Amino acid sequence: MDGPSGSGKSSVSRGVARALGLRYLDTGAMYRAMTWWMLREGVDLGDPAAIAARCAEPSIEPGTDPDGPTIHVDGVDVGGPIREADVTGAVSVVAAVPEVRVRLVALQREIIGAGGIVVEGRDIGTVVCPDASVKVYLTASPEARARRRSAEVAGSTVEAQQEAMARRDTLDSTRKTDPLSMAAGAVELDTTALTLDEVIAEVLRLVADQA
Ligand code: C5P
């Protein structure tokens, strides 16, 4: 499940995993965890070589239960801190460093193993799992995405969210390594006018069709 932030990836992926009794992996949380660690260590995020030199150090351990996904760094629960503004503002810079991506993609493939999992991110259909049995690319209008995100983040306005998201989208779609793009064979689903349940039902139909 790929798509930009606010397209509904997390809610839809978790709902689909729950309905099918599958595991769930939030790869964005892994990039956020790496970013949280870099910030804590005081690594200069303006220097890609400094990020590359340190990115093998932290142990990043995501849990895969769709009812309560967890994320630990070196045994510390970072589920809360990785959603804070400092991490959100820096994550696209860290995620653009090729060495970070090589390490996290390898870790993701290890967790995915033989499958039976719903994986969400930006490069899942294109890079991490090009052979996935179902590939979905979720989109929504910029206004809808910003509205959803500002409902989740206390004290933020729709306008501020839209601006921050546009910045992150540009970084994520224009970076050299594994940019956000729709995979060959992916089905694009525009969720702007759909409820969460409607999107989940549509994805479940796609899964049933390929079985
Ligand atoms: O999905 P989420 O908004 O938590 O992702 C945070 C950031 O992590 C994205 O903006 C992107 O920079 C990066 N990311 C990525 N590849 C993925 C998942 C997330 O580059 N597969």
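Cut-offs applied
- Residues numbered from 1 in each chain as written.
- Predicted model: local features only at pLDDT ≥ 70, side-chain atom pairs only at ≥ 80, totals over all residues.
- Axes fitted to C-alpha atoms, helices over the stretch in contact; angles between N-to-C directions.
- Helix = DSSP H or I, 4+ residues; strand = E, 2+ residues; numbered from the N terminus.
- Parallel < 35°, antiparallel > 145°, perpendicular 65-115°, else oblique.
- Left-handed = near helix turned anticlockwise from the far one by under 90°.
- Contact = placed C-beta atoms within 7 Å.
- Nonpolar A, V, L, I, M, F, W, Y, C, P; charged D, E, K, R; others polar.
- Pairing = 2+ DSSP bridges.
- UniProt positions renumbered as here; feature names shortened; annotations may be inferred.
- Buried ≥ 20, exposed ≤ 12 C-beta atoms within 10 Å, placed from the backbone.
- pLDDT = per-residue confidence, 0-100.
- Near = placed C-beta within 6 Å.

**A look at the packing of helix α7 (residues 142–152) against helix α8 (residues 158–174)**
A packed helix pair is summarised by two numbers, namely the angle formed by the two axes and the spacing between the axes. It is at 8 Å that the axes of α7 and α8 come closest, and there the two elements cross at 115°. Looking at the two axes, α7 sits roughly perpendicular to α8. Considering how the two elements wind past one another, α7 and α8 form a crossing that is right-handed. Taken together, the residues of α8 that come into contact with α7 (itself represented by P142, R145, A146, R147, R149 and S150) are V158, Q161, Q162, M165 and A166. Grouping the amino acids of the contact of α7 with α8 by side-chain chemistry returns five nonpolar, three polar and three charged.

**Regarding the packing of helix α2 (residues 27–41) against helix α5 (residues 98–112)**
Between α2 and α5, whose axes approach to 11 Å, the crossing angle comes to 135°. As summarised for this structure, α2 and α5 are arranged oblique, according to the angle between their axes. In the crossing of α2 with α5, the sense of the turn from one axis to the other is right-handed. For the pair formed by α2 and α5, the contact residues are T27, M30, Y31 and M34 on the first element and V100, L104, L107 and Q108 on the second.

**Structural notes on the sheet that holds strand β4 (residues 76–77)**
Pairing is antiparallel in the open sheet, where three strands are placed in the order β2-β3-β4. Lying at the two open borders of the sheet, with one neighbouring strand each, are β2 (60–62) and β4. Two strands pair when backbone bridges link them, and strand β3 (residues 71–73) and β4 are joined in this way by two bridges, in the antiparallel orientation. Each residue of the ladder has a partner; that of V73, found in β4, is V76.

**Some points on the UniProt feature "binding site: ATP" (unreviewed entry) in the protein**
With numbering aligned to this structure, UniProt lists the feature "binding site: ATP" (unreviewed entry) at G3, P4, S5, G6, S7, G8, K9, S10 and S11. Setting aside residues up to four positions removed in sequence, G6 forms contacts with A140, R145, A146, R148, R149 and M165. If you trace the backbone, G8 turns up in the segment before α1 (9–20). On the neighbour-count criterion, G8 (25 C-beta atoms within 10 Å) is buried. The residues contacting G8, other than those within four sequence positions of it, are L138, A140, T191, L196 and V199.

**A few points about the confidence of the model for the protein**
A residue-level look at the protein finds 100% of positions with pLDDT of 70 or above and a mean pLDDT of 95. Two numbers describe this predicted complex: its pTM, 0.96, and its ipTM, 0.99.

**Some thoughts on the site of the ligand**
Surveying the vicinity of the ligand reveals 13 residues, the closest of which are G28, Y31, A95, G121 and R122. When contributions to the shell around the ligand are tallied by element, the ones reaching two or more residues are α2, α4 (85–95) and α8. Among the elements that take part in the shell around the ligand, α2 stands out by supplying four residues, more than any other. Residues that form the shell around the ligand fall into these classes: three nonpolar, five polar and five charged.

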